[in-house]
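Fold and contact review
Residues per chain, in single letters:
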Amino acid sequence: MDGLVVDGAKSVFKFICSRIITVSKYEENVVELREEYANLTTKKMAIEEDVTLAKLEEKVPKPQVYEWLSKVSRAEDDVRSVLETADQYANGRDSKMMHRWAVAKKLNAVRELNSVSFDSVAPERSSPMKAVVEMAVPPLVGQGPASDLKQLLEILNRDDVRRIAVWGKGGIGKTTLVKNLNNELRVSSQNSFDIVIWVQGSSSVDLNTIQSQIAKRIHLKVDPGDTTHVIASRILRRLKLRRKTLLILDDVWEKIDLDAVGVPSWDPCCTILLTTRSREVCRDMAVDVPFQLNLMNEEDAWNLFVQSAGPVLDSNCIESAARKIVAGFNGLPLAIKTLGNSMRDRPQIQLWQNAHLMWRCSSPLFKNIEKEIFGTLATSYYSLPRKILKQCFLFCSLYPASCSIDVGELIQCWVSDGLINENQSVEKAYYDGVASVEYLKDSCLLDHDSEGTVKMHDIFRDLAILLSQSQELSYGFHTQSDHPFYQMPNKFSKRVSFVRCGIKKLPEFPVYSQLTVLFLQGNPIQKIPDGFFYNLISLRVLNLSDTRITSLPQSFLCLCELRSLFLRNCSIKNLPSLDSLCKLLVLDLSSTRIKALPKGFGCLHSLRQLNLSGTPVLNKIVAGSISGLSSLETLDMSFSSYNWNPKTDADQKATFDELLSLEHLSVLQIRLDSVKCLESASFWLKKLTRFNIQISPWSHDSNHHVLKHNEKRLVLRGVDLLQEDLRDLLHNTSSLSVLTCVGMNRRHLLSLSSLISLTISNCNDITRLISKERSSKEMFPNLQHLVLDHLRSLETIVEGIIPRGKCLKNLTTIQVLDCPMLKGVVSYSMLRHVKKLEEIKVSGCENMSCIIESGEHTETLPNLRVLEISNMVNLRSICVGTSVCPVLQQIKVFHCSRLKNLPLSISKACSLKKIEGDIKWWNSLIWDDDEIKNFFQQHFQSCPGENCTRKRKYK
């Protein structure tokens, strides 16, 4: 007990002594406290900076760090107060004992805080996974891209869509759109994806690269020895744990095996969105929705250029020149933006006036253009799988900028130039050519134009010209089309184009031993020098169309390798003997003033395609000239005045029998006076894969018509249907036009099972198309298109009840024009038969009061998409009810003042896209309530009636 007391006393004594010593060193303690406090402040700032950096790296700082910072903050306040008091005592006032104890106490506390150290402020571990990682991308400019983004978001929200492809040509803005979509998903409250994974592709990306990008995004650790199969299994397990995943594959050039990657691509938990330049990739990847991006419209293109070029455009004189530059880019965003950036802060008007020429000439001012624009677009060219396809693309640059290129003629040139095998039928070669055209279109290197034609975007044409001039290419293309000046090509040139260069007099060409293609069309050339062709003996394609030549020189006969000769729309009247052109495949003499085919014409045994259409003075074809063309497959003599029915054989002219002798003939366009030539040609007609035969006593055609695939078209004009034997001809016809004929009301055409299209015009004796006396189950079973035009006596299309069967079951379009006695288009009895009807167009039927006589039926035309009506003064209703047309997309109404209701309801309007009409008519419509009117108001587009005149399809 005594020992414990002694020990306790010693401890208390020692504590008191230490405190006395500490208090006695007051001055030293204040100095040391200031130093420790300064060190602590510095240390605190360093650790706070480390915490900030850790947060930026999405790391979570340790709790101990936050606890230490909190203690430091509290200690700082106390220390500052103690030091302020120490300063007061230092100015003449004696320090109190309690303050001396406080200094000593705070010094010990600050020493303790300074002694704490951290290896790191945050542990090295994965940060929480964000649903969407924001991407750096410029905002979308213009209404078009904004609309594309909206549509894409709507598609993503569809439950029936698993794979989507955004596709289009290089530089059109696919990646920009999808990056903006990614960022929109980050902030959208409607985003239903747990995670959005972005994978950057390229023309050379491989499976390992794709897997590594996905693994990094989902925090999946991959060991160096893991095989792609092992990684795929682990990715699959990880992704299937999530409710919904969006995988974005940017810049896809070829099919990616998503199963091999490990992506559950067909599982409802995963949606795939890819961008590509190739429509073929969309097919190979089995996408549900191929979303094609179109070129910018004029307004959006200008707005993008303004954003890129900046305030320099505020000058009016510069704006005028700039708008011309932008128009030249035809809405390609990459080119617009790149040139806009190049012209930023360049106020010199001279630069703007010549910019459209200077950047194409590789001016130093635009040194970045070739790399940024052509470097990007050239990838599409180099990715073409075959050398022949590359040459086919470059060949298109021989045509002028913005030129509409006829696909048939283009393929003829490819065949003649050896790009397609010429040792096959015209039809087979055409299919091969179409396959190449479609591949180039799918690769976005060619654009669809009108039917049967394509276009090359001006920037891609510039690319083709640049590529053809590069040292590494030896295809020998030389083009200066549409230039008011020209330079002679070098001696190694193989394909030369001087289209529309204003050439009046042809220069002397040196020896061009390799030249195979020469385009001279569209030049005001009046005469070809006598020896012009002696130096061009390898020529295979020669185009002299739309020139003013009246004859060919004698040197022309030395072109023994010539395969295609185009003389379309020339002033040529006579041809020399062509018997030396033994390899000629194509001869186009359309729209010329040629009077007779030359002697020896029948020696062209290799000739496969002959175009003599539009030859109004052709009156002599020597007997044997046609029958000698033993390889002929295609003959076009539409719009020709040659009479195949000579009254006498005294002139020894070619007769129709020579056509019957052509074993390989498969495509024929011709006019005949009567059907008598064909009375014994039933078997021959069946051999033709396509024909356009016009039977008319008149020596001219009324309209040009491009034959569609396998179309067998017959036009009867001014024919007495009861006097002619048309049975065999009609049964071989797929498209029939009966124009200004008599006997129509008594002619039975209803059982023509081959008929797909039927037009009846100006036949005033017809009162009904289908009468109850002649009705049957098999009437017009395959008819798809029906046109009834100027039939004054037509009272009804279908009379009475039609027996159930195949009658009219494939009808998709019906057009009725100027039939004053007709009361309706689709009768009550027709409704159950025309379920495939998609378009109804009616005009000028002055007594018609109702278009569809639906009665009490509902949803009776389930596929009707388009309804156009005009000049119907007594029309009061389209149909009874509001649900007869559930998928109606487009309505046009002009000059129908008594029509007060539309067959529309909000519940059935999900597919409606546009209503067109004049504003006065729209304002006169009667609606059940304002809600319905306001709903459909958003689809209405005002269009004055005088600007929407009716277009006649047939005359």
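Residues numbered from 1 in each chain as written. Predicted model: local features only at pLDDT ≥ 70, side-chain atom pairs only at ≥ 80, totals over all residues. Heavy atoms only, no water.

The secondary structure content of the protein chain amounts to 24 helices and 30 strands. Buried residues in the protein chain amount to 49% of all 955 residues. Counting contacts in the protein chain only where the partners sit at least 6 residues apart, residues at least 24 apart contribute 62% of the total. Looking at the protein chain as shown, the accessible area adds up to about 45400 Å², and 50% of this sits on carbon and sulfur atoms. (Helix = DSSP H or I, 4+ residues; strand = E, 2+ residues; numbered from the N terminus. Buried < 20%, exposed > 50% of the residue type's maximum accessible area, 1.4 Å probe, protein only. Contact = heavy atoms within 4.5 Å. Areas by Shrake-Rupley, 256 points an atom, 1.4 Å probe, with all protein chains shown as cover.)

This part takes up the sheet that holds strand β7 (residues 447–448). Judged by pairing direction, the sheet is antiparallel, and its 3 strands sit side by side in the order β6-β8-β7 without closing on themselves. Across the chains shown, the open sheet's two edge strands, defined by having one partner strand only, are β6 (405–406) and β7. (Pairing = 2+ DSSP bridges.)

All right, on to the pattern of salt bridges then. If you walk through the whole model with that rule in mind, you get 30 salt bridges. With a shortest N-O distance of 2.7 Å, Arg495 and Asp417 are connected by a salt bridge. One end of the pair, Arg495, is in strand β10 (residues 495–497); the other, Asp417, is in the loop between α17 (407–416) and α18 (426–442), with 78 residues separating them in the sequence. For the pair shown, Arg495 and Asp417 are each scored as buried. A salt bridge links Glu438 to Lys441, with the shortest nitrogen-to-oxygen separation between them at 3.1 Å. Taken together, the residues span about one helical turn, with Glu438 and Lys441 both in helix α18 at a distance of 3 residues. What emerges from the salt-bridge pattern is a single network uniting Glu422, Arg540, Glu561, Arg563 and Lys583. (Salt bridge = Lys/Arg side-chain N within 4 Å of Asp/Glu carboxyl O.)

In the predicted model, the protein chain carries a mean pLDDT of 84, and the fraction of residues at 70 or more is 87%. Within the model, the stretch residues 946–955 combines pLDDT values under 50 with 25 contacts to residues more than four positions away or in other chains. (pLDDT = per-residue confidence, 0-100.)

This part is about the pairing of strand β23 (residues 785–789). Most of β23 is tucked away: 4 of the 5 residues are buried. Note: strand β21 (residues 757–761) against β23, 5 bridges, orientation parallel. Directly across from Ser761, in β23, lies its bridge partner Asp789. The pairing of β23 with strand β25 (residues 813–817) spans 5 bridges and is parallel. In the strand pairing of β25, Asp789 is matched with Leu817.

Within the largest apolar cluster, 141 residues are counted, with the highest numbers of intra-cluster contacts made by Phe556, Leu678, Ile840 and Ile851. In contact with Ile840, other than residues within four places in its own chain, are Ile814, Val825, Val826, Ile851, Ile852, Leu861, Leu864, Val866, Leu867 and Glu868. Core analysis: the next-biggest nonpolar cluster, separate from the first, contains 89 residues, Phe291, Ala321, Val326 and Ile405 among them. (Core = buried A, V, L, I, M, F, W, Y, C linked by side-chain atoms within 4.5 Å.)

Assignment of secondary structure puts Thr275 in strand β4 (residues 270–276). Side-chain polar atoms of Thr275 contact the side chain of Asp250, separated by 2.6 Å. Contacts of Thr275, omitting those with residues within four sequence positions, involve Val166, Lys174, Thr175, Val178, Leu249, Asp250, Asp251 and Val252. (Polar contact = N/O pair within 3.5 Å; in protein donor to acceptor, adjacent residues only side chain to side chain.)

Turning our attention to the packing of helix α7 (residues 207–217) against helix α8 (residues 228–240). Running from N to C, α7 and α8 point in directions that differ by 35°, and their axes come no closer than 11 Å. Read as a crossing pair, α7 and α8 show a hand that is left-handed. Each of Leu207, Asn208, Gln211 and Ile214 in α7 lies in contact with α8, whose residues at this interface are Thr228, Ile231, Ala232 and Ile235. Along the lines of polarity and charge, the residues of the contact of α7 with α8 split into 5 nonpolar, 3 polar and no charged. (Axes fitted to C-alpha atoms, helices over the stretch in contact; angles between N-to-C directions. Left-handed = near helix turned anticlockwise from the far one by under 90°. Nonpolar A, V, L, I, M, F, W, Y, C, P; charged D, E, K, R; others polar.)

What follows is about the packing of helix α5 (residues 143–156) against helix α6 (residues 174–187). Between α5 and α6, the least distance of the axes is 10 Å, while the angle of their chain directions is 60°. When the axes of α5 and α6 are compared, the pair comes out oblique. The handedness of the crossing between α5 and α6 comes out as right-handed. For the pair α5 and α6, contact is made by Pro145, Asp148, Leu149, Leu152, Leu153 and Leu156 and by Leu177, Asn180, Leu181, Glu184 and Leu185, respectively. (Parallel < 35°, antiparallel > 145°, perpendicular 65-115°, else oblique.)

One pass over the full model with this rule turns up 17 aromatic pairs. Ring geometry for Phe532 and Phe533: centres 5.1 Å apart, planes at 85°, overall edge-to-face. Each member of the pair Phe532 and Phe533 is classed as buried. Note on Tyr642 and Trp644: the rings are 4.9 Å apart at their centroids and 80° apart in plane angle, and the pair reads as edge-to-face. Comparing Tyr642 with Trp644 shows no difference in burial state: the two are buried. One aromatic cluster is present, built from ring pairs that chain together Trp921, Trp922, Trp927, Phe935, Phe936 and Phe940. Residue placement shows Arg323 over the ring face of Trp302; its charged tip is 4.1 Å from the ring centre. Over the ring of Tyr381 we find Lys390; its NZ or CZ atom is 5.9 Å from the centre of that ring. (Phe/Tyr/Trp six-rings, centres within 6.5 Å; stacked < 30°, edge-to-face > 60°. Lys NZ or Arg CZ within 6 Å of the ring centre and 35° of its normal.)

This brings us to the side chain of Glu422. Its place among the elements puts Glu422 in the loop between α17 and α18. Of the residues examined, Glu422 reaches a relative accessible area of 17% and is grouped as buried. Each residue touching Glu422, except ones within four places of it in the same chain, is listed here: Val415, Arg540, Arg563, Leu585 and Arg608.

The next subject is unusual backbone geometry. Not every positive phi belongs to a glycine, and His219 is a case in point at roughly 60°. Classification of His219 as partly exposed rests on a relative accessible area of 33%. Positive phi, normally seen in glycine, also occurs at Ser591, with a value near 55°. Relative to the elements of secondary structure, Ser591 occurs in the loop between β14 (586–588) and β15 (609–611). The exposure class assigned to Ser591 is partly exposed, which follows from its relative accessible area of 36%.

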